[in-house]
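So the chains spell out like this:
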Amino acid sequence: MREFENSGGHMIFGGMRADEIAKKYGTPVYVTDEDLLRANYRSVHNAFSKYMDTRVHYACKANSSLAILKILEQEGSYIDAVSVGEVITCMKAGFDASRILYTGTSVSTHELNEVAKLKVPINIDSASELERLAKIDTGMDISVRITPGVGSGHCDKVVTGAEGSKFGIPMDAAVETYGRALDLGFKPKGIHAHIGSGGYTAEPFMESVSVLIEKTNEIKDELGLELQYINMGGGFKVPYKPNEPEMDVEEIASAVTDMILDETSVRTIALEPGRYIVCDTTILLTRCNDVKLTGIKNYIGVDAGFNTLIRPAFYGSYHHVAIANKFNKACEGKYDVVGPICESGDHIARDRALPAPEEGDIIAVYNAGAYAFSMSSTYNSRPRCREVLVNNGKTELIRDNETMEDLLRHQVIPKRLL
Ligand code: LLP
């Protein structure tokens, strides 16, 4: 887990006092450090590109804020998009269609039409999607998503590659699907698998890439089709707890590129990290509204609930927390950090040793860059919060908070009820 500097008892983030950022922009607020974002992108890109031509398709479901996308666009990133909404957002940030790969699941014909109109390459998820796309445009640039029979993830909800998964074409039907694509007039360029998100070990990546290699060679031998790239998906783990080891992406890069270069004629690798690129670039700052000591449990009531950050409530995920304005104070007790949502599952953190909290304290929630703002909601009629970028000791607003007007804008009371 990334640690932050302390200056006179204050947490320093991107060269600035976190509590001062909170004061300036209000809370809750997501704050992203631009330098960390660029460094993460470069570290994963460099790990692979020293061995092979590499396309890093940032999985923008993790965080699709325009400013974040623009920074990654400048870095040379490609995109993994799952919806026409993500495609349009990335184009707005400056990505050309050719730098985006659309990987949908349960894709409607309407959406296929929209993506085809934008000329964005499509990663086919099912036989039905292939047949329907053939009726739209067989000139589309396509690849096929295979279920590799290897799954991995930080919890069951995010494992995608295991046998029987709803994602992709079963590996035994891979060659047949490429054959059908050729018959329909397509010329598929790549093969793809994604095992899941945030799993703890490196081995499943190797196993999945072995399956992709085997299928690539069968497709070449049986159909005479030479694929141009192997897309190993995303899913690299990021440490969320202090002292948790990091995943060795360098080692994975060396192992999988070795395998591909030795065993196939493919010379381009694609990968789709989301979490790895954005997770530890961002903190969520939330203010202590009240402190409740029940005799059984101690609660710090803050202004961010699972409407703002759903991962702890939804996946049981751990996010480290610290009091940003008491950064060097000794811990005095154990506290649950809870939000303003009227459900008992509205926890940000449980049983954490922290200094004695007071109303007005600013709590920093770590690793809030991935699947955080992008999964936030307006539950309990609470408008979504601001996002701020820190660069060179300066802050810039990159998303303003929603207002009650935004929430009410699309609602109508039928006249007869008035
Ligand atoms: N590629 C595909 C096809 C994916 O479905 C995903 C994530 C990724 C790449 C990026 O995976 P990453 O590198 O970020 O692990 N909301 C969950 C994670 C869901 C991931 C969904 N798919 C969470 O908060 O943990």
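Since this is a predicted model, take the numbers as computed values, not measurements.

### Regarding the overall build of the chain
Inference 1: Each helix and strand counted, the chain has twelve helices and 21 strands in total.
Inference 2: Relative to a compact globule of 418 residues, whose C-alpha radius of gyration would be 22 Å, the chain shows 23 Å and is just as compact.
Inference 3: In terms of its C-alpha atoms, the chain occupies a principal-axis envelope of roughly 70 × 65 × 40 Å.
Inference 4: The buried share of the chain, reckoned over its 418 residues, is 54%.
Inference 5: Sequence-distant contacts in the chain: of pairs separated by 6 or more residues, those separated by 24 or more amount to 68%.
Inference 6: Within the chain, the 58 negative side-chain charges are centred at a point lying 6 Å from the centre of the 45 positive side-chain charges.

### Points about unusual backbone geometry
Inference 1: Omega for the bond connecting Thr 27 with Pro 28 falls within 30 degrees of zero, at -10°, which places this linkage in the cis form.
Inference 2: Within the secondary structure, Pro 28 is located in the loop between helix H1 (18–25) and strand S4 (29–33).
Inference 3: We note that Lys 119 has phi near 65°; this positive angle belongs to a residue other than glycine.
Inference 4: Position of Lys 119 relative to the elements: it lies in the loop between helix H5 (109–117) and strand S8 (122–124).

### Structural notes on the site of the ligand
Inference 1: Around the ligand there are 19 residues in total, and His 154, Ser 197, Arg 311, Tyr 315 and Tyr 371 lie nearest to it.
Inference 2: Measuring from an oxygen atom of the ligand, one finds a side-chain N or O atom of His 154 at 2.6 Å.
Inference 3: Contacts to the ligand include Glu 272, whose side-chain N or O atom sits 2.7 Å from a nitrogen atom.
Inference 4: Summarising the interface, the protein chains cover 92% of the accessible area of the ligand, which totals 580 Å² for the free molecule.
Inference 5: More than half of the atoms belonging to the ligand lie within 2 Å of the grid points that define the largest pocket.
Inference 6: When its residues are assigned to classes, the shell around the ligand shows six nonpolar, seven polar and six charged.
Inference 7: Split by domain, the shell around the ligand shows at least three residues from each of two domains, domain 1 (5–32 + 279–408) and domain 2 (34–278).

### Focus: the domain arrangement of the chain
Inference 1: Domain annotation of the chain identifies domain 1 (5–32 + 279–408) and domain 2 (34–278).
Inference 2: At the junction of domain 1 and domain 2, the tally comes to zero salt bridges.
Inference 3: Between the two partners, domain 1 and domain 2, sit 14 residue pairs in polar contact (both at pLDDT 80 or more).
Inference 4: Secondary-structure elements contributing two or more residues to the side of domain 1 that touches domain 2 are helix H11 (311–315), strand S20 (386–391) and strand S21 (394–399).
Inference 5: The residue inventory of the side of domain 1 that touches domain 2, partitioned by class, reads ten nonpolar, ten polar and four charged.

### Things to note about the layout of surface pockets
Inference 1: Reported here for the largest pocket is a volume of approximately 680 Å³.
Inference 2: Contributing to the lining of the largest pocket are 31 residues, with Lys 61, Thr 160, Phe 167, His 194 and Tyr 371 lying nearest its centre.
Inference 3: When contributions to the lining of the largest pocket are tallied by element, the ones reaching two or more residues are helix H10 (275–278) and H11.
Inference 4: Considering each element in turn, the lining of the largest pocket owes the most residues, three residues, to H11.
Inference 5: Looking at the lining of the largest pocket, its residues break down into twelve nonpolar, twelve polar and seven charged.
Inference 6: For the lining of the largest pocket, the two domains that each supply at least three residues are domain 1 (5–32 + 279–408) and domain 2 (34–278).

### Some remarks on the state of the cysteines
Inference 1: If you walk through the whole model with that rule in mind, you get zero disulfides.
Inference 2: In this structure Cys 331 is not part of a disulfide, and its nearest cysteine sulfur, from Cys 288, lies 15 Å away.
Inference 3: What makes Cys 331 partly exposed here is its relative accessible area of 49%.
Inference 4: Cys 385 takes part in no disulfide bond, and the closest cysteine sulfur to it belongs to Cys 279, at a distance of 16 Å.
Inference 5: Look at Cys 385 and you get buried, because its relative accessible area is 8%.

### Some points on the sheet that holds strand S3 (residues 16–17)
Inference 1: Reading across the sheet, the three strands line up as S1-S2-S3 and stay open at both edges, with antiparallel pairing between neighbours. Because the sheet does not close on itself, it has two edges, and the strands there are strand S1 (5–7) and S3.
Inference 2: Judged from the two bridges that link them, strand S2 (residues 10–13) and S3 form a sheet pairing that is antiparallel. Paired with Ile 12 across the two strands is Arg 17, which belongs to S3.

### Let's talk about the environment of Ile 283
Inference 1: Mapped onto the secondary structure, Ile 283 falls in strand S14 (residues 282–293).
Inference 2: When the C-alpha atoms of Ile 283 and Glu 387 are compared, they prove to be 10 Å apart, with 104 residues separating the residues in sequence.
Inference 3: Look past the residues within four positions of Ile 283 in its chain and what remains in contact with it is Phe 4, Met 11, Phe 13, Ala 18, Val 29, Tyr 30, Val 31, Val 365, Tyr 366 and Ala 368.

### Considerations on the environment of Leu 101
Inference 1: For Leu 101, the location among the structural elements is in strand S7 (residues 100–102).
Inference 2: You can call Leu 101 buried: its relative accessible area is 3%.
Inference 3: Leu 101 has contacts with His 57, Ile 79, Asp 80, Ala 81, Pro 121, Ile 122, Asn 123, Ser 143, Tyr 229, Asn 231 and Glu 272, leaving out every residue within four places of it along the chain.

Rules behind the numbers
Residues numbered from 1 in each chain as written. Predicted model: local features only at pLDDT ≥ 70, side-chain atom pairs only at ≥ 80, totals over all residues. Heavy atoms only, no water. Helix = DSSP H or I, 4+ residues; strand = E, 2+ residues; numbered from the N terminus. Rg over C-alpha atoms; globule rule 2.2 N^0.38 Å. Buried < 20%, exposed > 50% of the residue type's maximum accessible area, 1.4 Å probe, protein only. Contact = heavy atoms within 4.5 Å. Lys, Arg positive; Asp, Glu negative; His and termini not counted. Charge placed at Lys NZ, Arg CZ, Asp CG, Glu CD. Near = heavy atom within 4 Å. Polar contact = N/O pair within 3.5 Å; in protein donor to acceptor, adjacent residues only side chain to side chain. Areas by Shrake-Rupley, 256 points an atom, 1.4 Å probe, with all protein chains shown as cover. 1 Å grid on protein atoms, 1.4 Å probe; cavity = no way out; pocket = protein on both sides within 12 Å on 5 of 7 lines; lining within 4 Å. Sits in = over half its atoms within 2 Å of the grid points. Nonpolar A, V, L, I, M, F, W, Y, C, P; charged D, E, K, R; others polar. Domains from an automatic or database assignment. Salt bridge = Lys/Arg side-chain N within 4 Å of Asp/Glu carboxyl O. Points joined across faces, edges and corners; volume = space filled by probe spheres on them. Disulfide = S-S within 2.5 Å. Pairing = 2+ DSSP bridges.

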